[in-house]
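This is what each chain is made of:
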Amino acid sequence: MSRRTVSRALIEGGVATSIQLGHEISQANGLTISGDGTTHKNVNYELRIIELKTPSYTAASPQKHHARVISVSSSINHTSETQISGWKEEISHLSSTFSQSPFAKCSGLSLDIDSFLKKLKGMHTDHASDQKKTCRLWKEWKHRVICASYGFEHIEKMKCDAPIDLCAILLQATQEIINSLGGSKKWDALDVDSCRPYVTEMMEGLALRFSEGILAALPDEEHRSVELFFWAGCSMHKELNSVKGGNVAMMKWWVDNGVPTPVLLANKDNAATIQLAEMVDASAAAVRRAFEVSSRGGVKVASIAGALFNHKDDKKGNVKGALKKFPDTSNTRYHSHCDAATELIKYLKHYLDFLDFIRSNKTNAHLNHMEENLDKALRDTATLVELAALTLYSQLIMKPYMCLVRAPGTEDLNVLDLGPLHDDLKNHIKTIINQPSVIFNFHPDSYLCAAFDKKPWDDLLAIQAIIDMHNAGTLPHLIEVFVAFLGGALETWERFTEEFAAGGLIASSSAEERQLAAMPTTNDANEGMLGMWRRHSRDKPSLTVGHFSNQAAFARNETQDFMNALFVDEDHAHIRKEARRIDASGIEKHRRDAVIQYKKTVAEENHKKEEEHHAKKASVAEYFSVLEIVVDGALLNTMLDQSIKDQLELHRCLGEEKTIPKKTHLSSKHARLQVLLLVVDRYEARRRGESLDDEVNFLDLINS
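Residues numbered from 1 in each chain as written. Predicted model: local features only at pLDDT ≥ 70, side-chain atom pairs only at ≥ 80, totals over all residues. Heavy atoms only, no water.

Draft legend 1. Representation of the overall build of the protein. Broken down by element type, the protein carries 32 helices and seven strands. A buried classification covers 45% of the 704 residues belonging to the protein. Taking as baseline every contact in the protein between residues at least 6 positions apart, the subset at least 24 positions apart corresponds to 73%. For the protein, the computed accessible surface area is about 36900 Å², with 53% contributed by carbon and sulfur atoms. Of the charged side chains in the protein, 84 are positive and 95 negative, and the gap between their average positions amounts to 4 Å. (Helix = DSSP H or I, 4+ residues; strand = E, 2+ residues; numbered from the N terminus. Buried < 20%, exposed > 50% of the residue type's maximum accessible area, 1.4 Å probe, protein only. Contact = heavy atoms within 4.5 Å. Areas by Shrake-Rupley, 256 points an atom, 1.4 Å probe, with all protein chains shown as cover. Lys, Arg positive; Asp, Glu negative; His and termini not counted. Charge placed at Lys NZ, Arg CZ, Asp CG, Glu CD.)

As structure tokens, then:
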């Protein structure tokens, strides 16, 4: 089979998928959307999925909600505006392909963007700010379209009921356009094509104006149904962020309570800098930076262990020698770091013995720096306490929660129905915070009180190991640290479950409304498909994203079953003809060209900004090159504010004082003058040969 035949077959599959989607959307009472993006080789890719009720094409069974892939395509960037534009393009293409097909004409169905938006009941995404903005833009777009549709219906009605009034309104609106253009002469000079945008804008404006009164007069129930638009965030992203919030609170506990923190795990270069500072008078700034960029604690240890025992590069680490396959902390995976903590706590002695084995197998009998860090951390009490806290959170909260929202058998769950579940989860965390003894009063049935789902422990050995270490006194402050972790996690859960708040749209919705806008509990469909694209693009570098999109959508949407059940010979002939047209249009080339052109535009704009920055910098340098440093105190005290600012900037440019406060930190003339006087004193002291401390805090000095 030739390459061209394969290419055409993939495109035909894409056409058939569009017809299937058009058919299903046109018959749906409601639908929801979801999407996500990724980058590969510096090109952004967007995935679009809809969720709606569809029939089974292979058996006589009731309709079920299914996730249908719309497309995977490249885009110039990942902004919300670009995402909305991509959706418009894809829905327009899908609607046009379906409406012009013999299948649609035979069934008497059609589809356009307006009807799609009227059926759209919500959006399901992760919790990224750009996705929330995209959701808001969708909601505004839907509101505008619905308002315009009511307005146009009113205009059509006025043609029959009040034609004279309508003419008067249209004449007035037209006159306003003519006046805005500068008079009738300029209006008359425009051809038909030039006038059309103004007329379209005028009619949309009139429709929106009429719709305000119409919507206000609708019964509350109908008005709510028209405007209904839910948003819900991915359940697993909620859980993922709860671990982050808990970890921040846990790390803060050590400092707030004056307890020695977990051992510092600096990388090789920073460790050398810190070690040098202990031996000689090294640069304080360099040492401070080495401390600031270095990490410590349970999450850091989990990352180090993952890099050693399950590195993403299979040539590195000690994969073959490890006891078992270690959790994958090198990639973004749910539970990976907590699973790693569980593994290390459960088999602590074995991993320490394994590190000794690695040391003994080396010629110089020394571990490398990363191995040394892991060995040091696994012998550090505070670090083990954090690993134990991560393990407890995993066993008490994370694993049970995952089983309730993501395990096999939960595929038909609607995320909009999970408000009570999240309330129960937060109440359970509060109970443990108030009564942490339910964990450490260990007995065979303790999971009934401690585990969120009240089911047997996911890893009994890990729980038993922590209890034994706690009873032996080797995990001091574990209860306090874990309570702090739960406090941070609870605060995060509160923030990330705001959509379920009492009195909100979801909480006040009916079961029928939530069913109409059913959404999956997680964003797995999007992330899984994008991961599949990245893998395919590596394994099959000649495969275009368009061909992958057609192939993936055809398989995921079960389009072959749809074709077998409903297509006739005329439909098969049509998709072959349409595929030839699409193939000849060079759509993939246009997409690549759009991305390249955008990158060129960005490069040109950045180059222009860089030139402007250098020009401004040169202008400032020229200005300060003729400015002299003033050291006369009397003259300084009589200076205008702008002159004080110039003197401070001159000292910044001189570079002797590294800690002169930023302009934004000096909000008054008095503060600027006081800092300047101190800087001048130090400037003169240097000229006299005096030795000065480089780490002076001018703000503290002027405020003392």
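Draft legend 2. Structural view of the packing of aromatic side chains. According to the stated counting rule, one finds 18 aromatic pairs in the structure shown. Centroid distance Phe 103 to Phe 567: 5.9 Å. Interplanar angle 45 degrees. Geometry classified as tilted. Here the residue Phe 103 occupies a position in helix H3 (residues 102–107), and Phe 567 occupies one in the loop between helix H26 (559–566) and helix H27 (569–585), the gap between them amounting to 464 residues. As far as burial versus exposure is concerned, Phe 103 and Phe 567 are alike and both buried. Taken together, a centroid distance of 5.1 Å and an interplanar angle of 70 degrees make the contact between Tyr 401 and Trp 493 edge-to-face. With Tyr 401 in helix H17 (residues 381–405) and Trp 493 in helix H22 (residues 478–496), this residue pair connects regions lying 92 residues apart in the sequence. In terms of burial, Tyr 401 and Trp 493 fall into one category: buried. Members of the aromatic cluster, joined through ring pairs, are Phe 309, Phe 326, Tyr 351, Phe 354 and Phe 357. The aromatic ring of Trp 141 is capped on one face by Lys 88, whose charged end is 4.7 Å from the ring centroid. Positioned above the aromatic ring of Phe 210 is the side chain of Arg 209, whose terminal nitrogen or guanidinium carbon lies 5.9 Å from the ring centre. (Phe/Tyr/Trp six-rings, centres within 6.5 Å; stacked < 30°, edge-to-face > 60°. Lys NZ or Arg CZ within 6 Å of the ring centre and 35° of its normal.)

Draft legend 3. A look at empty space enclosed by the protein. Counted according to the given criterion, the structure contains two cavities of 30 Å³ or more. Quantified by volume, the largest cavity comes out at close to 80 Å³. What lines the largest cavity is a set of 14 residues, and nearest its centre among them are Ser 34, Ile 49, Glu 51, His 124 and Pro 520. Sorting the residues of the lining of the largest cavity by element identifies strand E1 (31–40), strand E2 (43–54) and helix H24 (524–539) as the ones contributing at least two each. (1 Å grid on protein atoms, 1.4 Å probe; cavity = no way out; pocket = protein on both sides within 12 Å on 5 of 7 lines; lining within 4 Å. Points joined across faces, edges and corners; volume = space filled by probe spheres on them.)

Draft legend 4. Expanded view of the state of the cysteines. Scanning the model with the defined rule gives zero disulfides in all. With no disulfide of its own, Cys 167 has Cys 160 as its nearest cysteine by sulfur position, at a separation of 12 Å. Residue classification places Cys 167 among the partly exposed positions, given a relative accessible area of 45%. (Disulfide = S-S within 2.5 Å.)

Draft legend 5. Just the environment of Glu 372, in detail. Structurally, Glu 372 can be placed in helix H16 (residues 369–378). As a C-alpha pair, Glu 372 and Leu 265 span 107 residues in sequence and 9.4 Å in three-dimensional space.

Draft legend 6. Seen up close, the packing of helix H13 (residues 298–309) against H17. The contact between H13 and H17 brings their axes to 8 Å, and the two run at 85 degrees. With respect to their mutual orientation, H13 and H17 come out roughly perpendicular. Of the residues in H17, those touching H13 at Gly 298, Val 299 and Val 301 are Thr 383, Glu 386, Leu 387 and Leu 390. Among the residues making up the contact of H13 with H17, the classes are represented as four nonpolar, two polar and one charged. (Axes fitted to C-alpha atoms, helices over the stretch in contact; angles between N-to-C directions. Parallel < 35°, antiparallel > 145°, perpendicular 65-115°, else oblique. Nonpolar A, V, L, I, M, F, W, Y, C, P; charged D, E, K, R; others polar.)

Draft legend 7. Region of the structure containing the nonpolar core. Core analysis: the biggest nonpolar cluster contains 82 residues, and Leu 374, Leu 378, Leu 392, Tyr 393, Leu 396 and Phe 482 have the highest contact counts within it. Counting residues per element, this core draws most heavily on H17, which supplies 14 residues. Grouped together as the second largest cluster of nonpolar side chains are 38 residues, Ile 11, Ile 19, Leu 21 and Phe 562 included. (Core = buried A, V, L, I, M, F, W, Y, C linked by side-chain atoms within 4.5 Å.)

Draft legend 8. Broad picture of the layout of surface pockets. Volume-wise, the largest pocket comes out at about 1000 Å³. Taken together, 39 residues make up the lining of the largest pocket; nearest its centre are Ile 11, Thr 544, Gly 546, His 547 and Asn 550. Residue assignment for the lining of the largest pocket shows that the elements contributing at least two residues are helix H1 (3–27), strand E3 (64–75), helix H2 (80–99), helix H25 (545–556), H27 and helix H28 (587–625). Considering each element in turn, the lining of the largest pocket owes the most residues, 11 residues, to H1. For the lining of the largest pocket, the class distribution of residues is 12 nonpolar, 16 polar and 11 charged.

Draft legend 9. A look at helix H30 (residues 641–654). Between the first and last C-alpha of H30 there are 20 Å, a value that for 14 residues agrees with the 20 Å anticipated at 1.5 Å per step. Looking at H30, one finds that the buried residues are Ile 644, Asp 646, Gln 647, Leu 648, Glu 649, Leu 650 and His 651. Elements that come into contact with the buried residues of H30 comprise H28 and helix H31 (669–687). Looking at the residues trailing H30, positive phi occurs at Gly 655, about 85 degrees. (Expected span 1.5 Å × (residues − 1).)

Draft legend 10. Examining the sheet that holds E1 more closely. Taken together, the five strands give an open sheet; going across it, the order is E3-E2-E1-E4-E5, and neighbouring strands pair in mixed fashion. At either margin of the open sheet sits one strand with a lone partner, and together these are E3 and strand E5 (230–233). Neighbour-to-neighbour, the strand axes of this sheet turn through a mean angle of 20 degrees, independent of strand direction. Across 10 bridges, the pairing between E1 and E2 is antiparallel. The residue of E2 that forms the bridge with Gly 35 is Arg 48. (Pairing = 2+ DSSP bridges.)

Draft legend 11. Focus on the pairing of strand E4 (residues 120–125). Taking burial as the measure, the six residues of E4 include six buried ones, the bulk of the element. Pairing analysis gives four bridges linking E1 to E4, with the strands arranged parallel. Bridge assignment links Ile 33 to a residue of E4, and that residue is Met 123. Here four bridges tie E4 to E5, and the two strands are oriented parallel to one another. Bridge pairing in E5 links Met 123 to Trp 231.

Draft legend 12. Inspection of the pattern of salt bridges at higher detail. Counted under the stated rule, the structure contains 34 salt bridges. Across the pair Asp 193 and Arg 196 runs a salt bridge whose closest N-O atoms are separated by 2.9 Å. With a gap of three residues between them, Asp 193 and Arg 196 both fall in helix H8 (residues 192–217), about one helical turn apart. Given a relative accessible area of 47%, Arg 196 falls into the partly exposed group. A salt bridge links Arg 687 to Glu 656; the nearest nitrogen and oxygen atoms lie 2.9 Å apart. Placement of Arg 687 in helix H31 and of Glu 656 in the loop between H30 and H31 is noted, with a sequence separation of 31 residues between them. (Salt bridge = Lys/Arg side-chain N within 4 Å of Asp/Glu carboxyl O.)

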